[in-house]
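# Structural characterization, general
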Amino acid sequence: MEQLNPREKAVLALEGRSFSGPGAKERAIREQLGLAPVRYYQLLNALLDDPRALAHAPVTVNRLRRLRDARRSER
């Protein structure tokens, strides 16, 4: 199985961190990854369905999948 590329790993690592204050996460996305927040969330959402991401960061991916599923069921 192929490994995640460095940017995919960085997205998962950033998502595993906690941030204090409004805008801190968006600032980190821009500064550390060089991505617009919209693009970051597109990449993250695609990673949640990628078995390589689950193998790389199971706790983070499963937590985010639960959140996503909860939001979908609210709609």
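One structure accompanies this document, and this report is about it. What you see is a predicted model; the values in this text were computed from it and never measured.

In terms of helices and strands, the chain carries five helices and zero strands. When the helices and strands of the chain are listed from N to C terminus, the series reads α-α-α-α-α. Computed over the C-alpha atoms, the radius of gyration of the chain is 13 Å, within 12% of the 11 Å expected from 2.2 N^0.38 for a compact globule of 75 residues. With respect to the three principal axes, the spread of C-alpha positions in the chain is 35 × 30 × 20 Å. Looking at the chain residue by residue over its 75 residues, the buried ones come to 35%. For the chain, restricting intrachain contacts to residue pairs at least 6 apart in sequence, the fraction spanning at least 24 positions comes to 46%. When the accessible surface of the chain is totalled, it reaches about 5100 Å², and 51% of it is carbon and sulfur.

Under the criterion given, the structure shown has one aromatic pair. Taking 5.0 Å as the distance between ring centres and 80° as the angle between the ring planes, the aromatic pair formed by tyrosine 40 and tyrosine 41 counts as edge-to-face. With relative accessibility at 0%, the residue tyrosine 40 sits in the buried group. Judged by its relative accessible area of 34%, tyrosine 41 is partly exposed.

Conventions and cut-offs
Residues numbered from 1 in each chain as written. Predicted model: local features only at pLDDT ≥ 70, side-chain atom pairs only at ≥ 80, totals over all residues. Heavy atoms only, no water. Helix = DSSP H or I, 4+ residues; strand = E, 2+ residues; numbered from the N terminus. Rg over C-alpha atoms; globule rule 2.2 N^0.38 Å. Buried < 20%, exposed > 50% of the residue type's maximum accessible area, 1.4 Å probe, protein only. Contact = heavy atoms within 4.5 Å. Areas by Shrake-Rupley, 256 points an atom, 1.4 Å probe, with all protein chains shown as cover. Phe/Tyr/Trp six-rings, centres within 6.5 Å; stacked < 30°, edge-to-face > 60°.

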